[in-house]
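# Structural features, examined
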Amino acid sequence: MTTDAPGTAPAVAELPLDDPRALAAVSLIWREAHLLDARRYHEWDALWTEGGEYVVPIDRENTDFAATLNLVYDDDRMRRMRVERLTGGLSISAAAAARTVRSVSRFVVTGREEGALEVCSAQILVGYKREETFVLAADVTHRLVFGADGPRISRKIVRLVNSDDTVTASGFLL
């Protein structure tokens, strides 16, 4: 399964969104958005496969995340540490956590193989923190693996529209 260059329109993988696997994938992505907005980070972490990667690249065109600097490049261990910081109450991220509402749409199946789908979507996140409202937009790519208990996230790439601008501490997950 390959990921198209971020500046190009994703290729469609000939799997319509009314296919049961595509519907399950979209449902999981919407559930993920709900859990993140509700700050139910441990439940969010349970949506992932072992070895799953959570990536927020600085360079929107980048595809070699291991060889370049990223805003976030988490494996299982780092993702769980991030969840602990956000839920533990001892970090500034947890104490001043932003309230968020996100909308995820424009779903396109861009890759498929036996037991897995790649789904690209658009995410608009509105946040409120310290008496300020902000908006973040991103192109998001999920790689979802299907098992006996349904789909799980094996990779999530969040390509922020403004990824090369100044980034401040967010207090939430994208």
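All values derive from a computational prediction rather than experimental measurement.

### Focus on the pairing of strand S1 (residues 48-57)
Burial analysis of S1 places 8 of its 10 residues in the buried class, the great majority of the element. Of the strand pairs in this sheet, S1 and strand S6 (residues 150-160) are connected by 4 bridges, and their pairing is parallel. Across the sheet, the residue bridging to Glu53 is Arg155, located in S6. Bridge count for S1 against strand S2 (residues 70-74) is 4 bridges, and the pairing is antiparallel. Directly across from Val55, in S2, lies its bridge partner Tyr73.

### Concerning helix H3 (residues 76-88)
With 13 residues, H3 ought to run about 18 Å at 1.5 Å a step, and its terminal C-alpha atoms sit 18 Å apart, in line with that. At the N-terminal end of H3, a side-chain oxygen is found 3.2 Å from the backbone nitrogen of Arg77, two or three residues along, and the residue is Asp75.

### Topic: a negative patch on the surface
On the surface, Asp59, Glu61, Asp164 and Asp165 cluster together into a patch of negative charge. Within the element layout of this structure, Asp165 appears in the segment after S6. Asp165 gets classed as partly exposed once you look at its relative accessible area, which sits at 48%.

### Overview of the packing of aromatic side chains
Here the structure, examined in full by the defined rule, presents 5 aromatic pairs. When the ring of Trp48 is compared with that of Tyr54, the centres are 6.3 Å apart and the planes differ by 75°; the resulting orientation is edge-to-face. Their ring planes at 20° and their centres at 5.8 Å tell us that Phe134 and Phe172 sit as a pair that is stacked. With Phe134 in strand S5 (residues 132-147) and Phe172 in the segment after S6, this residue pair connects regions lying 38 residues apart in the sequence. By the ring-pair criterion, three or more aromatic residues cluster together here, those being Trp44, Trp48 and Tyr54. Against the face of Phe146 rests Arg21, its NZ or CZ located 5.4 Å from the ring centre.

What counts, and at which threshold
Residues numbered from 1 in each chain as written. Predicted model: local features only at pLDDT ≥ 70, side-chain atom pairs only at ≥ 80, totals over all residues. Heavy atoms only, no water. Buried < 20%, exposed > 50% of the residue type's maximum accessible area, 1.4 Å probe, protein only. Helix = DSSP H or I, 4+ residues; strand = E, 2+ residues; numbered from the N terminus. Pairing = 2+ DSSP bridges. Expected span 1.5 Å × (residues − 1). Polar contact = N/O pair within 3.5 Å; in protein donor to acceptor, adjacent residues only side chain to side chain. Patch = residues over 30% accessible without salt bridge, like charges linked within 9 Å, V, L, I, M, F, W, Y side chains within 5 Å. Areas by Shrake-Rupley, 256 points an atom, 1.4 Å probe, with all protein chains shown as cover. Salt bridge = Lys/Arg side-chain N within 4 Å of Asp/Glu carboxyl O. Lys, Arg positive; Asp, Glu negative; His and termini not counted. Charge placed at Lys NZ, Arg CZ, Asp CG, Glu CD. Phe/Tyr/Trp six-rings, centres within 6.5 Å; stacked < 30°, edge-to-face > 60°. Lys NZ or Arg CZ within 6 Å of the ring centre and 35° of its normal.

Shape descriptors only; they carry no functional weight alone.
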